Amino acid sequence: MSTPTRPLIAGNWKMNGTDAALDELARLKTLLGEAPGLAAEVLVCPPSTLIHRAAQIAEGSDFRVGGQDCHWLASGAHTGDISAAMLLDAGASHVILGHSERRADHGETDAIVREKTKAALAGGLVPIVCVGETEAERVEGRANRVIAEQLAGSLPDESGAGPMVIAYEPVWAIGTGRTATLADIAEMHAHMRALLVERFGEAGRAARLLYGGSVKPSNAAEILAVPDVDGALVGGASLMADDFFSIVVAA
Ligand SMILES: O=C[C@H](O)COP(=O)(O)O
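Residues numbered from 1 in each chain as written. Predicted model: local features only at pLDDT ≥ 70, side-chain atom pairs only at ≥ 80, totals over all residues. Heavy atoms only, no water.

Under an unreviewed UniProt entry, the protein chain has the name Triosephosphate isomerase and belongs to Pelagibacterium lacus. Taken directly from UniProt, the Sequence similarities (unreviewed entry) text for the protein chain runs: "Belongs to the triosephosphate isomerase family." Looking at the Subcellular location (unreviewed entry) heading of the UniProt record, one finds this comment for the protein chain: "Cytoplasm". (UniProt positions renumbered as here; feature names shortened; annotations may be inferred.)

Before going further, it helps to examine the UniProt feature "active site" (unreviewed entry) in the protein chain. As recorded in UniProt, the feature "active site" (unreviewed entry) lies at H99 and E169. The annotated residues occupy 71 residues of the chain but converge on a single region, no pair of C-alpha atoms lying more than 8.4 Å apart. Within the element layout of this structure, H99 appears in the loop between β4 (94-97) and α4 (100-105). For H99, a relative accessible area of 4% corresponds to the buried category. Polar contacts involving the side chain of H99 include one to the main-chain amide nitrogen of E101, which spans 2.9 Å. Take E169: it is sitting in the loop between β6 (165-168) and α8 (182-200). Take E169: its relative accessible area is 5%, and that puts it in the buried class. If we ignore the near neighbours within four places in the chain, the residues touching E169 are H99, V131, G132, E133, I174, G212, G213 and L233. (Helix = DSSP H or I, 4+ residues; strand = E, 2+ residues; numbered from the N terminus. Buried < 20%, exposed > 50% of the residue type's maximum accessible area, 1.4 Å probe, protein only. Polar contact = N/O pair within 3.5 Å; in protein donor to acceptor, adjacent residues only side chain to side chain. Contact = heavy atoms within 4.5 Å.)

Structure (structure tokens):
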């Protein structure tokens, strides 16, 4: 394995989208169909309620569909939860895990994210494991240490055996319109790459490192050109097909 060659542009719809939002996916399918040979792989992660129909729309298209979370167990009495097997069955290929909103809203710790990552791998999904420092942690000069701890705690040893995708999302840049500076992104991605290579060897070198946090059509190209940025995890700008497609084209 070597340094990743194809960037991944992943859209995270978060808790947005009812049936009508599927029109945007149909539009995305049209746009992608009119632009064969794009460099990037494309993934859309809608709410669970839309995964099955989104996967149907994705058939015959160049994008895939993912989930936004899964439980660490395969089945059982866990009201409101969804398992990796269920996501796979609905048509998902990937799952976002450990997003800072889940860490904040649901108290997810690194240990929980690690168990979920194991479950995703065992269930045949590609996990996209999210890490990110708060603004206070960055101001206090602790960003690198926080990210190192989150990576160490959130990734199981099994991660080295499959495709590895990590999303670096500074918490203060999510949904705020503020992005990290290109220099800060470069430094953090190099830091993560070094840690992953140290722990996982070639698999770490091949890991895709996504940047997330207020990525939009106007800044995507410069962010995606930063060394060791192998794609983006896009929130708000993934909700409209034309904006998301512009980011895909920028990769
Ligand atoms: O998962 C996506 C990120 O949280 C980024 O969200 P945003 O693009 O709306 O800032």
